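Structural description and commentary
What follows is the residue order along each chain.
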Amino acid sequence: MQATPTAATAHASGPLSGRIRVPGDKSISHRALMFASLAIGRSTVRGLLTAEDVMATGNAMRALGASIAGGEVVTIDGAGLGLLKEPDAPLDFGNAGTGARLTMGIVAGHPVAATFVGDASLSKRPMGRVLNPLREMGVTVVAREGDRVPLSLRGPKTLAPIEYTLPVASAQVKSAVLMAGLNAPGETTVIEPVATRDHTERMLKAFGADIRIAESPEGRRITVTGQTPLKPCDITVPADPSSAAFALVAALIVPGSDVTVRDVLLNPSRTGLIETLKEMGADLEIIDSREDGGETIGDVRVRATRLKGITVPAERAPSMIDEYPVLAVAAAFADGATHMPGLGELRVKESDRLAAVSAGLTANGVAHESGPDWLSVHGRTGPVGGGKVVTHLDHRIAMSFLIMGLAADKPVTVDDHNVIATSFPGFMGLMEGLGADIRVEA
Ligand code: S3P
């Protein structure tokens, strides 16, 4: 799916200014396609993210029996819960961990077999965290060493409902178990000791699932009563806060900038970066915060600010887990040290993000230290830039270091900008429209 790796270089840029809308939220886009495919009848989705990751999920849902037609408004005719068909060929998820893991939950709930494949990055990522609870529910798995893709799953005739306490703070694991539970007779419960993004719960309610959420001393208990048919739904996807993060940090670190990102999803399980930037002193305001389709959205305006280093509470990590690479870039331009504990999960993202960020900081002369699950960045200790960053098939590493180059003393090069297409088509154009000087290698 991915094009040949092509380098790009970001140069120091004049003040960035403008109002932009970044593409639709990736987590919500995957789920909208999945739940609509499990409903009986026609759903519509406005503002779907049309990036490679989400397209892979769309193709998988088609292979499982849904009809999906594109356009400004995407229409999905669901195959119906319990009625998915066995795919004829392996399901190729490319770079998409969310697509692959949640679809494993869906397949588990059906008496069909499916093979999951992906790119070199996805083939390194741990799938055991999802496969283990699915095995408890009765699913048969044949997987590579260490539970990696390529792997094949076969759902049993009747799935056993389970009660499962998440051993890692992962919305993907929570969602995969709930997806399977949708077609298990009886109640499937996931207990999350640490809250993670709750788009699955919100959207399941909208699609008419029988779902209950209760707080308990062990954490949040989410229970679905299986075999309740899903009804179609019309969804509008808000702008992705994890994509907005790049423009927001760019505006903060490029002197004189003033940028507004419109319609950003402000679900509290996703706003950790905004909170953190405010604590660092960012001139950041939320304008016109409003409710839309069961989610809070708003316009986020930032003006360039000289940030100060802080310690980011470890318990905030789940609400900003994808934003640490770009936070590390912001920290490189802050006064003092920014300490980021609780980052163990960064080791198993599209790349080992702790290692990739650390290598990128080193290549660009930014003083920092890191450990197994933490990073401390020392801002403004010397000139920044001049390095070439290895992206390891990781879109967020590519975008984060291009943002660094816009405020650096010397240009910053990333070895591959094509990976950005997995989550943020149009990144280059939007950033250029704000005044960013990013040049793609001929
Ligand atoms: C996601 C959950 C997070 C996040 C990923 C999207 C989701 O992963 O990093 O980009 O949509 O559920 P984990 O569940 O592994 O924390």
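What comes next is a walk through the structure. (Residues numbered from 1 in each chain as written. Predicted model: local features only at pLDDT ≥ 70, side-chain atom pairs only at ≥ 80, totals over all residues. Heavy atoms only, no water.)

1. Let's talk about the pattern of salt bridges
Applied cut-off: Definition used for salt bridges: Asp or Glu carboxyl oxygen within 4 Å of a side-chain nitrogen of Lys or Arg. Numbered from the N terminus, helices here are DSSP runs of H or I no shorter than four residues, and strands are runs of E no shorter than two. When accessible area is computed with a 1.4 Å probe and restricted to protein chains, residues below 20% of their type maximum are described as buried, those above 50% as exposed, and intermediate ones as partly exposed.
According to the stated counting rule, one finds 35 salt bridges in the structure shown. Close ionic contact of Arg-21 with Asp-263 constitutes a salt bridge, the shortest N to O distance being 2.9 Å. Separated by 242 residues along the polypeptide, Arg-21 in the loop between strand E2 (17-20) and helix H1 (26-38) and Asp-263 in strand E15 (residues 258-265) bring together distant segments of the chain. The exposure class of Arg-21 is partly exposed, given its relative accessible area of 29%. Judged by its relative accessible area of 15%, Asp-263 falls in the buried class. With a closest N to O distance of 2.9 Å, Asp-25 and Arg-270 form a salt bridge. Here Asp-25 is found in the loop between E2 and H1, whereas its partner Arg-270 is found in the loop between E15 and helix H8 (272-279), with 245 residues between them in sequence. A single burial state applies to Asp-25 and to Arg-270, both of which are buried. Each of Arg-125, Arg-197, Asp-322, Glu-350, Arg-353, Asp-394 and Arg-396 takes part in one network of salt bridges that share partners.

2. Some thoughts on empty space enclosed by the protein
Worth spelling out the cut-off: A cavity here means a set of points on a 1 Å grid, drawn over the protein atoms and nothing else, where a 1.4 Å probe fits but cannot get out; a pocket is an open set with protein on both sides within 12 Å along at least five of seven lines, and a residue lines either one if it has an atom within 4 Å of a point. Grid points are joined across faces, edges and corners, and a volume is the space filled by probe spheres set on the points.
Tallying each qualifying case throughout the model produces one cavity of 30 Å³ or more. Considering only enclosed or pocket space, the largest cavity measures out at about 60 Å³ in volume. Lining the largest cavity are Pro-241, Ala-244, Ala-245, Leu-248, Val-264, Arg-270, Thr-271, Leu-273, Ile-274 and Glu-323. Looking at the lining of the largest cavity, the elements with two or more residues in it are helix H7 (241-253) and H8.

3. Focus: the sheet that holds strand E1 (residues 8-11)
Sheets are built from strands that pair by backbone hydrogen bonding, the pairs being arranged parallel or antiparallel. Operational definition: The rule for pairing is simple: two strands pair if DSSP sees at least two bridges between them.
Read from one edge to the other, the open sheet built from four strands follows the order E21-E22-E1-E23, with strand pairing classed as mixed. Looking at the sheet topology across the chains shown, the edges are occupied by strand E21 (388-389) and strand E23 (437-440).

4. Considerations on the site of the ligand
This is how it is decided: The rule for a residue being near a molecule or strand is that one of its heavy atoms must lie within 4 Å of it. Counted as a polar contact is a pair of N or O atoms within 3.5 Å, where, for protein atoms, one must be capable of donating a hydrogen and the other of accepting one, and residues adjacent in sequence contribute only when both atoms are in side chains. Only the protein chains shown count as cover for residues, and the accessible areas themselves come from Shrake-Rupley with a 1.4 Å probe. Put plainly, a molecule is in a cavity or pocket when over half of its atoms are within 2 Å of the grid points there. In this classification, Asp, Glu, Lys and Arg are treated as charged, Ala, Val, Leu, Ile, Met, Phe, Trp, Tyr, Cys and Pro as nonpolar, and every other residue, Gly included, as polar. Here the limits of each domain have been adopted from an automatic or database domain assignment.
As a structural note, the neighbourhood of the ligand is formed by Ser-27, Arg-31, Thr-98, Ala-169, Ser-170, Ala-171, Gln-172, Arg-197, Ile-321, Asp-322 and Lys-349. In the environment of the ligand, an oxygen atom lies 3.1 Å from a nitrogen or oxygen atom belonging to the backbone of Ala-171. Between an oxygen atom of the ligand and a main-chain N or O atom of Gln-172, the distance comes to 2.9 Å. Here the ligand, which alone exposes 380 Å², has 95% of that area covered by the protein. Under a 2 Å grid-point criterion requiring more than half of the atoms, the pocket assigned to the ligand is the largest pocket. Within the residue set of the shell around the ligand, elements represented by two or more residues are H1 and helix H5 (171-181). Class assignment for the residues of the shell around the ligand results in three nonpolar, four polar and four charged. A domain split of the shell around the ligand shows at least three residues from each of domain 1 (8-20 + 238-440) and domain 2 (26-236).

5. A short note on the packing of aromatic side chains
Going by this rule: Two rings from Phe, Tyr or Trp (for Trp, the six-membered ring) form a pair when their centres are within 6.5 Å of each other. A pair whose planes differ by under 30 degrees is stacked, one over 60 is edge-to-face, and the rest are tilted.
Under the definition given, this model contains four aromatic pairs. Look at Phe-35 and Phe-207: their rings are 5.9 Å apart centre to centre, the planes differ by 50°, and that puts the pair in the tilted class. In this pair, Phe-35 is assigned in helix H1 and Phe-207 in the loop between helix H6 (199-206) and strand E12 (210-216), connecting sequence segments 172 residues apart. Each member of the pair, Phe-35 as well as Phe-207, carries the same accessibility label: buried. Seen in terms of ring centroids, Phe-246 and Phe-427 are 6.2 Å apart; in terms of plane orientation they differ by 85°. Their pairing is edge-to-face. In this pair, Phe-246 sits in helix H7 while Phe-427 sits in helix H12 (residues 427-434), placing the two residues 181 residues apart along the sequence. Residue Phe-246 shares its accessibility class with Phe-427, and that shared class is buried. Following the ring pairs from residue to residue traces out a cluster consisting of Phe-246, Phe-424 and Phe-427.

6. Some words on the packing of H8 against helix H9 (residues 324-332)
For clarity, the threshold we go by: To define axes, lines are fitted to C-alpha atoms, for helices over the stretch in contact only, and angles between the resulting N-to-C directions are given on a 0 to 180 degree scale. Our angle categories are set so that under 35 degrees counts as roughly parallel, over 145 as roughly antiparallel, 65 to 115 as roughly perpendicular, and the remainder as oblique. Between two residues, a contact is recorded if the distance between any of their heavy atoms is within 4.5 Å.
Packing of H8 against H9 leaves a shortest axis separation of 11 Å and a crossing angle of 10°. The pairing of H8 with H9 is recorded here as roughly parallel in orientation. Here Leu-273, Thr-276 and Leu-277 of H8 lie close against H9, whose contacting residues are Val-326, Leu-327 and Ala-330. For the contact of H8 with H9, the per-class residue count stands at five nonpolar, one polar and no charged.

7. Re helix H4 (residues 128-136)
Think of an α-helix as 3.6 residues a turn; residues three or four steps apart then line up on the same face. The set of residues buried in H4 consists of Gly-128, Arg-129, Val-130, Leu-131, Pro-133 and Leu-134. Elements in contact with the buried residues of H4: helix H3 (97-108), strand E8 (140-144), strand E9 (148-154), strand E10 (163-165) and H5. In the stretch just after H4, Gly-138 is the one whose phi turns positive, near 110°.

8. Things to note about the layout of surface pockets
Taken as a whole, the largest pocket holds about 600 Å³ of empty space. Mapped onto the lining of the largest pocket, the elements with two or more residues apiece are H1, H3 and H5. Looking at which element gives the most residues to the lining of the largest pocket, the answer is H1, with four residues.

9. Brief notes about the environment of Asp-119
By the secondary structure assignment, Asp-119 is in the loop between strand E7 (113-117) and H4. Distance from Asp-119 to Thr-9, taken between C-alpha atoms, is 25 Å for residues 110 residues apart in sequence.

10. Focus on the nonpolar core
Threshold: Each nonpolar core is a collection of buried residues, namely Ala, Val, Leu, Ile, Met, Phe, Trp, Tyr and Cys, held together in the definition by side-chain atoms within 4.5 Å.
Ranked by internal contacts, the top residues of the largest apolar core, which has 77 residues, are Phe-427 and Met-431. If you tally residues by element for this core, the top one is H7, at ten residues. Excluding residues within four positions of it along the chain, Phe-427 makes contact with Phe-246, Met-399, Leu-402, Ile-403, Ile-420 and Ile-438. Leu-38, Val-54, Ile-162 and Ile-235 belong to the second largest nonpolar core, which has 71 residues in total.

Functional significance is not addressed by these values, which are geometric in nature.
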